[in-house]
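Secondary and tertiary structure notes
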Amino acid sequence: MNPYVLMILLSSLGLGTTLTFASSHWLLAWMGLEINTLAIVPLMAQHHHPRAVEATTKYFLTQATAAAMILFASTTNAWITGEWDMNNMSNPIASTMVITALALKIGLAPMHFWMPEVLQGLDLLTGLILSTWQKLAPLALIIQVSQAIDPLLLTSLGVMSTLAGGWGGLNQTQLRKILAYSSIAHMGWMIIVLQYAPQLTLLALGTYIFMTSAAFLTLKTSSATKINTLAMAWSNNPTLTATTALVLLSLGGLPPLTGFMPKWLILQELTKQNLPATATIMALAALLSLYFYLRLSYAMTLTISPNTTNSTTPWRVKTTQTSLPLTISTTIALGLLPVTPAILMLAN
């Protein structure tokens, strides 16, 4: 892609998200979401592969539906209350429609079916943008309107997302689909605690972005898109293989890695709010996700590729890709747990 065109598209992505962040008016927020969608569509379709075009079409239709629902809900709210302000979502029908549309935008269950299909058709870097940056604007809107939403609805969305994300990823062999289900499960963790401690939602979002970036950049470096490709990765880059296994376990939420921190604090907050049953379901749902991360770690580090393979084993060739973003995201994805008290102090 032409670097100037790429620069314009990435700038538009940033502009759309910033516009949504800065707005307290529904029309401005909707405009930001639309700019965001239109800026990523050319990035998704840039390879002209039928699979990429299909994924782009699915994504566009989903996002357009969600944007239309947001516009309809905010217009309904303005018609009833007489103002477009986000903080005045006093109409229950409008607020339920808004949360449904935003859940569709970020892929919360039961509106998550587009997410694995779309991610599977994209290259890894565009998939990384879709899994991280594209979640920011809708999540900012969800945080702003969360106090007007029925708590039972938010809890249901959170529990269903963690269960759907865990179950959906169990039988997958495609790495991008596994990361899509991982994204759905993590979104569930963020939504479940939103009404009690929004700062924990932001903490979970921050750790999720770094862990997912580390995972995607690792797969990009080793050019892996299927599980059986991972068995060949050890000969190519042994150090990267070791850190990747740890990043995947961090995504699963195992101590003493960064991924344990948000899960631990969210379960603690749910228990404080006298919701032991919800906390138990969430903890059990996390085990489902952990299983498929363990499966990936096992394939990478404890198996070797079959000796009957016809292809030559990839050896340690120098990569031309920049490794700084991967290094930073991997370090953060593995080592933040000891600074939990400092992060908590800043959050409170």
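Residues numbered from 1 in each chain as written. Predicted model: local features only at pLDDT ≥ 70, side-chain atom pairs only at ≥ 80, totals over all residues. Heavy atoms only, no water.

So, about the UniProt feature "domain: NADH:quinone oxidoreductase/Mrp antiporter transmembrane" (unreviewed entry) in the protein chain. Feature annotation in UniProt places "domain: NADH:quinone oxidoreductase/Mrp antiporter transmembrane" (unreviewed entry) on residues 23–288, given in this structure's numbering. Its end C-alpha atoms 38 Å apart, residues 23–288 is made of 77% helix and 0% strand. (UniProt positions renumbered as here; feature names shortened; annotations may be inferred. Helix = DSSP H or I, 4+ residues; strand = E, 2+ residues; numbered from the N terminus.)

In the contact formed by helix 2 (residues 26–44) and helix 7 (residues 133–145), the axes pass within 10 Å of each other and the chain directions differ by 165°. The orientation of helix 2 with respect to helix 7, classified from their angle, is roughly antiparallel. For the element pair helix 2 and helix 7, the recorded crossing hand is left-handed. On helix 7, the residues that touch W26, A29, L33, N36 and I40 of helix 2 are W133, Q134, A137, P138, L141 and V145. (Axes fitted to C-alpha atoms, helices over the stretch in contact; angles between N-to-C directions. Parallel < 35°, antiparallel > 145°, perpendicular 65-115°, else oblique. Left-handed = near helix turned anticlockwise from the far one by under 90°. Contact = heavy atoms within 4.5 Å.)

Here we take up unusual backbone geometry. The phi angle of most residues is negative, glycine excepted, and most peptide bonds adopt the trans form. Following A109, the chain continues into P110 via a peptide bond in cis, with omega recorded as 0°. With respect to the element layout, P110 can be found in the loop between helix 4 (92–106) and helix 5 (114–120). Here P255 and P256 are connected by a cis peptide whose omega angle stands at 0°. Secondary-structure assignment places P256 in the loop between helix 13 (238–252) and helix 14 (260–272).

Moving on to empty space enclosed by the protein. Per the counting criterion, the structure on display carries 4 cavities of 30 Å³ or more. The volume enclosed by the largest cavity comes to roughly 100 Å³. At the level of elements, helix 2, helix 3 (50–81), helix 4 and helix 7 are the ones that each hand at least two residues to the lining of the largest cavity. Among the elements that line the lining of the largest cavity, the one with the most residues is helix 7, at 4 residues. (1 Å grid on protein atoms, 1.4 Å probe; cavity = no way out; pocket = protein on both sides within 12 Å on 5 of 7 lines; lining within 4 Å. Points joined across faces, edges and corners; volume = space filled by probe spheres on them.)

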